[in-house]
Amino acid sequence: MNYECIQGDISQQNNIDAVVNAANAELQTGGGVAGAIHRAAGPELTEATRPLAPIEPGQAVITEAFNLPNDYVIHCLGPVYGKDEPSDELLADCYRNALELTEKYKIKSIAFPAISTGAFGFPFEQATKIALDTLAGHVSTLSHLKTIRFVLFSDKDYQRYQHALEQFS
Ligand code: AR6
């Protein structure tokens, strides 16, 4: 598996088959990642997600990506930290379920934001460890996915993620 870590906007990822949305249960636009993805993808995305909602914490669903430079959006509902329990397992479920969709749709490259670490309040370092452990534990079962890119919004989060990734590999 090729792991990449960049600072940037998840709604502007070229050369990536699928981008992951840190969604809300209704799969509608919102703040942060969900706002950026829905704005860039256009109103067709909002229409496409409507029949798939609501989803539960830990769940992932897939749609086309419309005006985004990608083929698919995988919408994951992360846990609200301290409310949706067990938060660690529900966050791991997001990553696991996203990977399962890559297998089903023959997706070769995926970009993840740091799910649940914004409005949903998950401690950043704890969420990073869960993401990396979960992905590493499952990649060997995948036959299509070749690249996992982590897209961090702030420079501080990018530095922290990059550090965790270096420790990890
Ligand atoms: N690209 C990449 N990362 C981003 C971007 C972006 N454009 N914008 C923010 N981040 P959040 P959550 C970072 O709040 O915690 C929404 O309103 C951000 O700094 O988007 O899962 C939805 O409607 C943070 O590190 O997702 C839901 O109600 C991380 O992405 C709720 O927030 C996740 O922040 C979901 O909360």
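Just so we're clear, the structure is a prediction, and the values are computed from it rather than from any experiment.

(A) Expanded view of the site of the ligand. Near the ligand lie 21 residues; those nearest to it are Asn24, Gly31, Val33, Ser116 and Thr117. In this structure, Val33 approaches the ligand through a main-chain N or O atom, which is 2.8 Å from an oxygen atom. Between an oxygen atom of the ligand and a main-chain N or O atom of Ser116, the distance comes to 2.8 Å. Against a free-state accessible area of 700 Å², the protein chains account for coverage of 87% of the ligand. Of the residues in the shell around the ligand, the class split is 11 nonpolar, eight polar and two charged.

(B) Just the pairing of strand S2 (residues 18-22), in detail. Counting buried positions along S2 yields four of five residues, so the element is predominantly enclosed. The pairing of S2 with strand S4 (residues 72-76) spans five bridges and is parallel. Looking across to S4, one finds that Val19 is bridged to Val73.

(C) Up close: the pattern of salt bridges. Scanning the model with the defined rule gives six salt bridges in all. Between Arg149 and Glu4 there is a salt bridge whose closest N-O contact spans 2.7 Å. Linking Arg149 in strand S6 (residues 147-152) with Glu4 in strand S1 (residues 2-7), this pair joins segments that are 145 residues apart in sequence. Owing to a relative accessible area of 12%, Arg149 belongs among the buried residues under this scheme. Here Asp133 makes a salt bridge to Lys129, at a shortest N to O gap of 2.8 Å. One end of the pair, Asp133, and the other, Lys129, are both in helix H4 (residues 124-138), four residues apart, so they sit about a helical turn from each other.

(D) Seen up close, the packing of aromatic side chains. Considering all chains together, one arrives at six aromatic pairs under this definition. Between Tyr95 and Phe112 the ring centres are 4.9 Å apart and the planes differ by 40 degrees, which places this aromatic pair in the tilted class. Of this pair, Tyr95 sits in helix H3 (residues 87-104) while Phe112 sits in strand S5 (residues 109-112), placing them 17 residues apart in sequence. Residue classification places Tyr95 among the buried residues on the basis of a relative accessible area of 2%.

The rules behind the values
- Along each chain, residue indices are assigned from 1 in the same order as the chain's sequence is written.
- Only residues with pLDDT of at least 70 are given local features in this predicted model, and only at 80 or more are side-chain atom pairs given and counted; all residues enter the totals for whole chains, interfaces and linings.
- Calculation of side-chain values draws on the structure's entire complement of heavy atoms; hydrogens and water are dropped beforehand.
- Here a residue is considered near a molecule or strand provided that any single heavy atom belonging to it is located within 4 Å of it.
- The definition of a polar contact used here is a pair of N or O atoms within 3.5 Å, where within protein one atom must be able to donate a hydrogen and the other to accept one, and adjacent residues in sequence count solely through side-chain atom pairs.
- For the area figures, the Shrake-Rupley method with a 1.4 Å probe applies, and any residue is considered shielded solely by the protein chains shown.
- Amino acid classes used here: Ala, Val, Leu, Ile, Met, Phe, Trp, Tyr, Cys and Pro are nonpolar; Asp, Glu, Lys and Arg are charged; the rest, including Gly, are polar.
- Three exposure classes are used, based on accessible area relative to the maximum for each residue type with a 1.4 Å probe and protein chains only: buried under 20%, partly exposed in between, and exposed over 50%.
- Where helices and strands are cited, they refer to DSSP runs of H or I of at least four residues and of E of at least two residues respectively, numbered from the N terminus.
- Should DSSP find at least two bridges between two strands, the strands are taken to pair.
- Salt bridge, as applied in this entry: a Lys or Arg side-chain nitrogen positioned within 4 Å of an Asp or Glu carboxyl oxygen.
- Pairing of aromatic rings covers Phe, Tyr and Trp, the last counted by its six-membered ring, and requires centre-to-centre distances within 6.5 Å; plane angles under 30 degrees mean stacked, over 60 mean edge-to-face, and any other angle means tilted.

Any functional reading would require information beyond the geometric quantities listed.
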